[in-house]
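Structural overview for review
Given next are the chains, with one letter for each unit.
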Amino acid sequence: MRYLIAGFGSIGRRHFRNLLTLDERDIVIYHTHHSTLPDDELQGFPVESDLRAALAHQPNAVIIANPTAMHLEVAIPAAQYGCHLLIEKPISHSLARLDNLEQAVQDNHCQVLVGFQFRFHPGLRTMKKLLDEGTIGIPLSVRASWGEYLPGWHPWEDHTQGYAARAELGGGVVLTLSHPLDYLSWLLGEVASVFAFTSRQGLQLPVEDSAEIALRFKNGTIGSLHLDYLQRPASHTLEIIGSLGTLRWDNADGIVRMGKVTMNNNAVATQEFYPPEGFERNSMFLDELRNFQDMIHGRAQPLCTLKDGKVALRLALAALQEQLVNFE
């Protein structure tokens, strides 16, 4: 199996190292050298700065890890070559040309996985199982919050020059931290309507650095999502309130805490679900790559499909309109 990694910033480098961890050595890099990271570890691997030359190596699979606004510039030609795709989230910064990608994928029988790696978090997978089993009854409301201090993400570079802070590269907190828009739909079903406020006050960037998003789901659940580039220390939490109990998850320790009404309706029983021993952040990315490998070999379905990725993108773009958007 030959892999092509498009983009060698922090996420491209992570995928490269994880492929090596999974004993994959047939790797080509498409690298335009805009990353500020050193590339000494690429010694011995083919590196191309032209996409056509990179695809001429005839990769079986392409991992698209360049800036968001450039994803489709690689994804569409790669699909036309018949390559299977792992596309980092979000799949693009707009809906333009997504139909071209979908057509190329269909015409060439490509498998596609979208890189919303939190679907591989054991805590969130536990929450989904509990919700699907009706353990806390009918989901009534949800609150998700994620904030991190953008200048601390990549201390080796000027944060104002990274893709997350540049509109032309698809930056801004809503697109860059769009994971909850994906996992909330995964956990609770289709969204019926979205409304949001965004702000640029915190870091004085040309993109939004904080957002408050209201969501109404088709099953009747209502909820809110907070995103920011500002919090120190970082915080990422999720709470789902149901008719029979509550689920809470904190990314800091990965634990799911459940409070459930007892049979006599007078007390609440509590239970905690811990991640497996040895779990750490990179475990999600490794499991994502394993899912990608299994898809290619016909052993599994993508945990996050191209259709799922399109749903999350539509929700993010709706939030950025700062007006009520109905999907019904």
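In what follows, the accompanying structure is described. (Residues numbered from 1 in each chain as written. Predicted model: local features only at pLDDT ≥ 70, side-chain atom pairs only at ≥ 80, totals over all residues. Heavy atoms only, no water.)

1. Topic: the environment of E102
Mapped onto the elements of the fold, E102 is located in helix α4 (residues 98–107). Here E102 falls in the partly exposed class, since its relative accessible area comes to 29%. Separated by 29 residues in sequence, E102 and E73 place their C-alpha atoms 14 Å apart. Apart from residues no more than four positions distant in its own chain, E102 is found in contact with L306 and K310. (Helix = DSSP H or I, 4+ residues; strand = E, 2+ residues; numbered from the N terminus. Buried < 20%, exposed > 50% of the residue type's maximum accessible area, 1.4 Å probe, protein only. Contact = heavy atoms within 4.5 Å.)

2. Side note on the packing of helix α5 (residues 122–132) against helix α7 (residues 179–188)
Packing of α5 against α7 leaves a shortest axis separation of 9 Å and a crossing angle of 30°. Classed by the angle they form, the pair α5 and α7 counts as roughly parallel. Touching L124, R125, M127, K128 and L131 of α5 are Y183, W186, L187 and L188, all from α7. Residues belonging to the contact of α5 with α7 are distributed by class as follows: seven nonpolar, no polar and two charged. (Axes fitted to C-alpha atoms, helices over the stretch in contact; angles between N-to-C directions. Parallel < 35°, antiparallel > 145°, perpendicular 65-115°, else oblique. Nonpolar A, V, L, I, M, F, W, Y, C, P; charged D, E, K, R; others polar.)

3. Quick notes on the pattern of salt bridges
In the structure shown here, the tally under the stated rule is 16 salt bridges. Salt-bridge contacts for R166 lead to E168; the nearest nitrogen and oxygen are separated by 2.8 Å. Exposure remark for R166: the relative accessible area of 27% places this residue in the partly exposed category. Among the ionic pairs, K218 bridges to E190, the shortest N-O distance being 3.2 Å. Separated by 28 residues along the polypeptide, K218 in the loop between β9 (210–217) and β10 (222–228) and E190 in the loop between α7 and β8 (191–199) bring together distant segments of the chain. The class of K218 is partly exposed, set by a relative accessible area of 40%. Linked by salt bridges that have partners in common, R13, R17 and E41 make up one network. (Salt bridge = Lys/Arg side-chain N within 4 Å of Asp/Glu carboxyl O.)

4. Details of the sheet that holds strand β2 (residues 27–30)
If you trace the six strands from one edge of the open sheet to the other, you get β3-β2-β1-β4-β5-β6, paired in parallel fashion. With one partner strand each, in any of the chains shown, β3 (47–48) and β6 (112–115) form the two edges of the open sheet. Here strand β4 (residues 61–64) pairs with strand β5 (residues 84–88) via four bridges, running parallel. In the sheet register, I63 faces β5, and the bridge partner there is L86. (Pairing = 2+ DSSP bridges.)

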